[in-house]
Amino acid sequence: RDMALLSPLALTQTLPFLPLAQGDIDYQTERRDEPGLIPGLLNDPSTTVILVRDGLVAVPRGQGVLAARESVSMRLASLPGSYAAEALAGALEAVAMFLGGYPGRRNAHVVAIDLTRVPMGAPSVVPDAHGIGADDAFGNAAQPNSANGRVPLFARTAERFDWVDLRGFVPHASAREAGQATTAVALSLWHATQRHCPTCGAPVQTAMAGWAQRCTNPQDGHRLLFPRVEPAVIVAVVDSQDRLLLQHNRAWNDPTLYSVSAGFVEAGENLEHACRRETKEEVGIDLGEVRYLGSQPWPFPASLMVAFKAYALNTDIRTDGQETVDARWVSRDEYTAELVRGTMSAPNRTAIARYMIEEWYGRAL
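The sections below set out a description of the structure shown in this document. Predicted, not measured: the structure shown is a model, and the values here were computed from it. Throughout this document, residue positions are counted from 1 along each chain, in the order its sequence is written. Totals for whole chains, interfaces and linings use every residue, but because this is a predicted model, local features are given only for residues with pLDDT of at least 70 and side-chain atom pairs only at 80 or more, for both listing and counting. The side-chain quantities take in all heavy atoms of the structure and omit both hydrogens and water.

**Thoughts on the side chain of Q296**
Secondary structure elements follow DSSP: runs of H or I no shorter than four residues count as helices, runs of E no shorter than two count as strands, and numbering proceeds from the N terminus. Position of Q296 relative to the elements: it lies in strand β12 (residues 287-298). The buried label goes to any residue with under 20% of its type's maximum accessible area, the exposed label to any with over 50%, and the partly exposed label to all in between, with areas taken from a 1.4 Å probe on protein chains only. Using a relative accessible area of 0% as the deciding quantity, one classes Q296 as buried. Every residue pair with non-hydrogen atoms within 4.5 Å of one another is taken to be in contact. Setting aside residues up to four positions removed in sequence, Q296 forms contacts with L18, P19, L20, A21, L304, M305, T350, A351 and I352.

**Section: the nonpolar core**
If you look at the biggest cluster of nonpolar residues, it comprises 55 residues, and the most contacted ones within it are F169, I234, L246 and M356. When residues of this core are assigned to their parent elements, the largest contribution, seven residues, is made by helix α8 (residues 352-361). When sequence neighbours within four positions are dropped, the list of residues in contact with M356 reads L15, I234, V235, A236, V260, L293, A307 and F308. Throughout, nonpolar core names a set of buried Ala, Val, Leu, Ile, Met, Phe, Trp, Tyr and Cys residues whose side chains join them through atoms within 4.5 Å. Residues I38, V49, A58 and A87 belong to the second largest nonpolar core, which totals 29 residues.

**Quick word on the sheet that holds strand β6 (residues 204-207)**
Strands pair, by our definition, only if DSSP identifies at least two bridges between them. Reading across from one edge, β6-β7-β8 is the order of the three strands in this open sheet, with antiparallel pairing throughout. The open sheet is flanked by β6 and β8 (224-225), the only strands paired with a single partner. The pairing of strand β7 (residues 212-215) with β8 spans two bridges and is classified as antiparallel. Bridge pairing in β8 links R214 to L224. As a rule, the C-alpha atoms of each element are fitted with a line to give its axis, helices using only the stretch in contact, and angles between N-to-C directions run from 0 to 180 degrees. Seen against the sheet, helix α5 (residues 175-193) touches β6, β7 and β8 and runs at an angle of roughly 20° to β7.

**Quick notes on the environment of A96**
Within the secondary structure, A96 sits in strand β3 (residues 95-101). Judged by relative accessible area, A96 falls into the buried class, the value being 14%. Considered as a pair, A96 and I113 are 17 residues apart in the sequence and their alpha carbons are 4.4 Å apart. Beyond its immediate chain neighbours, meaning those up to four positions away, A96 contacts I38, L88, V111, A112, I113, A209 and G210.

**Some points on the packing of aromatic side chains**
The pairing test for Phe, Tyr and Trp rings, Trp by its six-membered ring, is centres within 6.5 Å, and the orientation test on the planes gives stacked under 30 degrees, edge-to-face over 60, and tilted for anything in between. A complete count under the given rule lists seven aromatic pairs for this structure. Put simply, the rings of Y335, W360 and Y361 pair up and form one aromatic cluster. Lying across the ring of W211, R32 places its NZ or CZ 3.7 Å from the centre. Placement of a positive charge over a ring is assigned whenever Lys NZ or Arg CZ falls within 6 Å of the ring centre and within 35 degrees of the normal to the ring plane.

**A word on the pattern of salt bridges**
We define a salt bridge as a side-chain nitrogen of Lys or Arg found within 4 Å of a carboxyl oxygen belonging to Asp or Glu. Summed over the entire model, instances satisfying the criterion amount to 22 salt bridges. The partner of R167 in a salt bridge is D165, and the shortest N-O contact between them spans 3.3 Å. No difference in accessibility class separates R167 from D165, as the two residues are buried. Where salt bridges share partners, they join E266, E269, R277, E278 and E281 into one cluster.

**Side note on the pairing of strand β4 (residues 109-114)**
The buried count for β4 comes to six of six residues, which makes it a mostly enclosed element. The side-chain alternation of β4 yields two buried faces, one formed by H109, V111 and I113 and the other by V110, A112 and D114. Note: strand β1 (residues 48-53) against β4, five bridges, orientation parallel. Opposite V52, over in β4, you have D114 as the bridge partner. Where β3 lies against β4, six bridges are found, and the strand directions are antiparallel. By the bridge assignment for β4, M97 is matched with A112.

**Observations concerning the side chain of T116**
For T116, the position within the fold is in the loop between β4 and α3 (153-160). On the basis of relative accessible area, T116 is assigned to the buried category, the value being 1%. Pairing of N or O atoms within 3.5 Å defines a polar contact, subject to two protein rules: one partner must be a possible hydrogen donor and the other a possible acceptor, and residues neighboring in sequence count only if both atoms are side-chain atoms. In terms of polar contacts, T116 uses its side chain to reach the backbone amide nitrogen of D54, at 3.0 Å. Among the polar contacts made by the side chain of T116, one reaches the side chain of D114 at a distance of 2.6 Å.

**Some remarks on unusual backbone geometry**
With an omega of 10°, the peptide bond between F300 and P301 qualifies as cis. Looking at where P301 falls in the secondary structure, it is placed in the loop between β12 and β13 (303-312). One non-glycine residue, H222, lies in the positive phi region at around 50°. Relative to the assigned elements, H222 resides in the loop between β7 and β8. The phi dihedral of D242 falls on the positive side, at around 60°, and the residue is not glycine.

Okay, structure coming up:
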């Protein structure tokens, strides 16, 4: 009887695991403006050098096919620091980024090199953020062909390694490498999409070991620019019967994919208000209590997903018909039946939405 009086949010706890929030590296921010930092690290044999391009990370040749499989292991490909240093000298388009080091492991540092602008025999594809929703997918970039003749080291990586996106890599990676890949991709996409000062339009130069850009315009004071982060909320809504609200977005290619509500935070808006506004706009539901569940970066291209669980004050669904085309309340038994029949499928294993659904469901999907 007492349990029947409890709010469906009463036992809610923060999410214990999120795949893109596993990084344990020490950023060592105090070193970012250290003169000669990158060359010095590349000449240290204990430094790990990883590669990123067009939002993809390099893995050893042959591992790319593993991304779609279950219960397999993947690892990041790496280059010897001395080779990378030599290649950087002849590739002004490459961007070296100091990711940090590990406490207790002497001189164990990681440098990521972004090859997005390095010619690979075909034009690089810079992602366009127009129309990208907070929970939209990010497509794989086209694989360029190698140039003929003697090809510089970085250009050869197009064929030497396989390239996979975070959603294919992270579920199969160690926590440490998942964190490295997430940070490298986030920085890479920022450098790829911001090539001029947003204030005066002058070209920018990489600064602070890849963590900033400096405007080249002296009249603009050579201002320092930092990566932007776009906050988005994602909400698991439950009703008085502890049913979960699941919805299908028009932009999703898979007609069976049902997930929870998500959207970007508006200028001047707090997170809780964004939860209430997005849910009302998409499915016509008013929210009462809202509780924080957790957060993880979602660099597709620059989001930070902040997760909440909320209590619905009404259950009459009215989809907006524009973004959300279908929404349903489901009990745990009903959701199980939908999954078994294949009429519903869960978000992939890198999405925070999957772990929010599992928190309500009570077990792994």
